[in-house]
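So the chains spell out like this:
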Amino acid sequence: MQKVLVVYWSMTGNTEIMANAIVEGCGDADVTCVNVSETPSLDGYDKYMFGCSSMGDEVLDEGEFEPYFASIEAGLAGKKVALFGSYGWGDGQWMRDWEARVKADGAELFETGLIINETPTDDDKETCKKFAASFMAV
Ligand SMILES: Cc1cc2nc3c(=O)[nH]c(=O)nc-3n(C[C@H](O)[C@H](O)[C@H](O)COP(=O)(O)O)c2cc1C
């Protein structure tokens with residue numbers, strides 16, 4: 001059984017809703033899903049999913065998520081990684097920048113990051129589940 005680590009940050013709960021749907025989509029994988037405040041280690045997982053909404057001016061949350069991600073990203077080389085997050089008025093620039101960063105870290109990025117506008121609808125939750133299921137299949 002594959003082991004999956006899901007780490008998220010969410011100010012108002014939108015990315016957290018995505019994370020919960022993603023866990024459902026992981027099916028029978030052994031999933032550990034934690035808020036970034038727990039600062040989990042990368043040790044011992046087959047796949048990694050990181051979620052953070054667009055904050056500031058098209059950046060990751062600078063209070064908690066950015067420091068955590070900066071601390072672990074050197075360890076992402078060669079690892080299977082998927083990204084997700086909610087956004088508001090932008091066009092997803094924070095996610096495009098994050099994708100480029102993860103690739104530069106040497107990670108094997110799954111498709112493009114999944115972005116959902118504001119609070120996920122039921123259809124959006126299904127999209128999250130399918131995204132996770134597809135990631136589990138690679
Ligand atoms: C301080 C602040 C900064 C934000 N900056 C952006 C931004 O640059 N681009 C964008 O598309 N949305 C921005 N948003 C909107 C959030 O990304 C959006 O509301 C998202 O759904 C929040 O998800 P969360 O509840 O998981 O944190 C910002 C929201 C706040 C409160």
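Residues numbered from 1 in each chain as written. Predicted model: local features only at pLDDT ≥ 70, side-chain atom pairs only at ≥ 80, totals over all residues. Heavy atoms only, no water.

A. Spotlight on the environment of Thr121. Among the structural elements, Thr121 can be located in the loop between strand 6 (114-117) and helix 4 (122-137). Classification of Thr121 by relative accessible area gives partly exposed; the value is 41%. Sequence separation between Thr121 and Gly56 is 65 residues, and the spatial gap between their C-alpha atoms is 24 Å. (Helix = DSSP H or I, 4+ residues; strand = E, 2+ residues; numbered from the N terminus. Buried < 20%, exposed > 50% of the residue type's maximum accessible area, 1.4 Å probe, protein only.)

B. The nonpolar core, seen in detail. Grouped together as the largest cluster of nonpolar side chains are 25 residues, with contacts concentrated most on Phe50, Phe65 and Trp98. Setting aside chain neighbours within four positions, we find Trp98 in contact with Phe50, Gly51, Cys52, Leu60, Phe65, Phe69, Leu83 and Phe84. Listed in part, the 20 residues of the second largest apolar core include Ala21, Ala29, Ile116 and Phe131. (Core = buried A, V, L, I, M, F, W, Y, C linked by side-chain atoms within 4.5 Å. Contact = heavy atoms within 4.5 Å.)

C. Structural view of the UniProt feature "domain: Flavodoxin-like" (unreviewed entry) in the protein. Using the residue numbers shown here, the UniProt feature "domain: Flavodoxin-like" (unreviewed entry) corresponds to residues 4-136. What you have in residues 4-136 is 35% helix and 24% strand, and the ends, taken at the C-alpha atoms, are 9 Å apart. (UniProt positions renumbered as here; feature names shortened; annotations may be inferred.)

D. Geometry of the packing of aromatic side chains. Considering all chains together, one arrives at 9 aromatic pairs under this definition. Centroid distance Tyr45 to Tyr48: 6.0 Å. Interplanar angle 70 degrees. Geometry classified as edge-to-face. Neither residue differs from the other here; Tyr45 and Tyr48 are each classed as buried. An aromatic cluster is defined as three or more aromatic residues linked by ring pairs; in this entry it consists of Phe50, Phe65, Tyr68, Phe69 and Trp98. Sitting over the face of the ring of Tyr45, Lys3 holds its NZ or CZ atom 5.3 Å from the ring centroid. (Phe/Tyr/Trp six-rings, centres within 6.5 Å; stacked < 30°, edge-to-face > 60°. Lys NZ or Arg CZ within 6 Å of the ring centre and 35° of its normal.)

E. View of the site of the ligand. Surveying the vicinity of the ligand reveals 19 residues, the closest of which are Ser10, Met11, Thr12, Ser54 and Ser86. Ser10 places a side-chain nitrogen or oxygen 2.7 Å from an oxygen atom of the ligand. Trp89 places a main-chain nitrogen or oxygen 3.3 Å from an oxygen atom of the ligand. For the ligand, whose free accessible area comes to 650 Å², the fraction covered by protein is 83%. Of all the secondary structure elements, the ones that give two or more residues to the shell around the ligand are helix 1 (14-25) and strand 4 (80-87). Of the residues that constitute the shell around the ligand, the class distribution is 5 nonpolar, 11 polar and 3 charged. (Near = heavy atom within 4 Å. Polar contact = N/O pair within 3.5 Å; in protein donor to acceptor, adjacent residues only side chain to side chain. Areas by Shrake-Rupley, 256 points an atom, 1.4 Å probe, with all protein chains shown as cover. Nonpolar A, V, L, I, M, F, W, Y, C, P; charged D, E, K, R; others polar.)

F. The side chain of Asp61, seen in detail. Looking at where Asp61 falls in the secondary structure, it is placed in the loop between strand 3 (47-52) and helix 2 (65-72). For the buried Asp61, which has no salt bridge, the nearest side chain bearing the opposite charge is Arg101, at an N-O separation of 11 Å. At a separation of 2.8 Å, a polar atom in the side chain of Asp61 contacts the main-chain amide nitrogen of Glu64. Sequence-distant contacts of Asp61, that is, excluding residues within four places in its chain, are made with Trp9, Cys52, Ser53, Met55, Glu66 and Pro67. (Lys, Arg positive; Asp, Glu negative; His and termini not counted. Salt bridge = Lys/Arg side-chain N within 4 Å of Asp/Glu carboxyl O.)

G. Spotlight on the packing of helix 1 against helix 4. Where helix 1 meets helix 4, the axes come as close as 7 Å, and the angle between the chain directions of the two elements is 45 degrees. On the basis of the axis angle, helix 1 is oblique to helix 4. Helix-helix and strand crossings are classified by hand; for helix 1 and helix 4 the assignment is right-handed. For the pair formed by helix 1 and helix 4, the contact residues are Ile17, Met18, Ala21, Ile22, Glu24 and Gly25 on the first element and Lys125, Cys128, Lys129, Ala132, Ala133 and Met136 on the second. Of the residues that constitute the contact of helix 1 with helix 4, the class distribution is 8 nonpolar, 1 polar and 3 charged. (Axes fitted to C-alpha atoms, helices over the stretch in contact; angles between N-to-C directions. Parallel < 35°, antiparallel > 145°, perpendicular 65-115°, else oblique. Left-handed = near helix turned anticlockwise from the far one by under 90°.)

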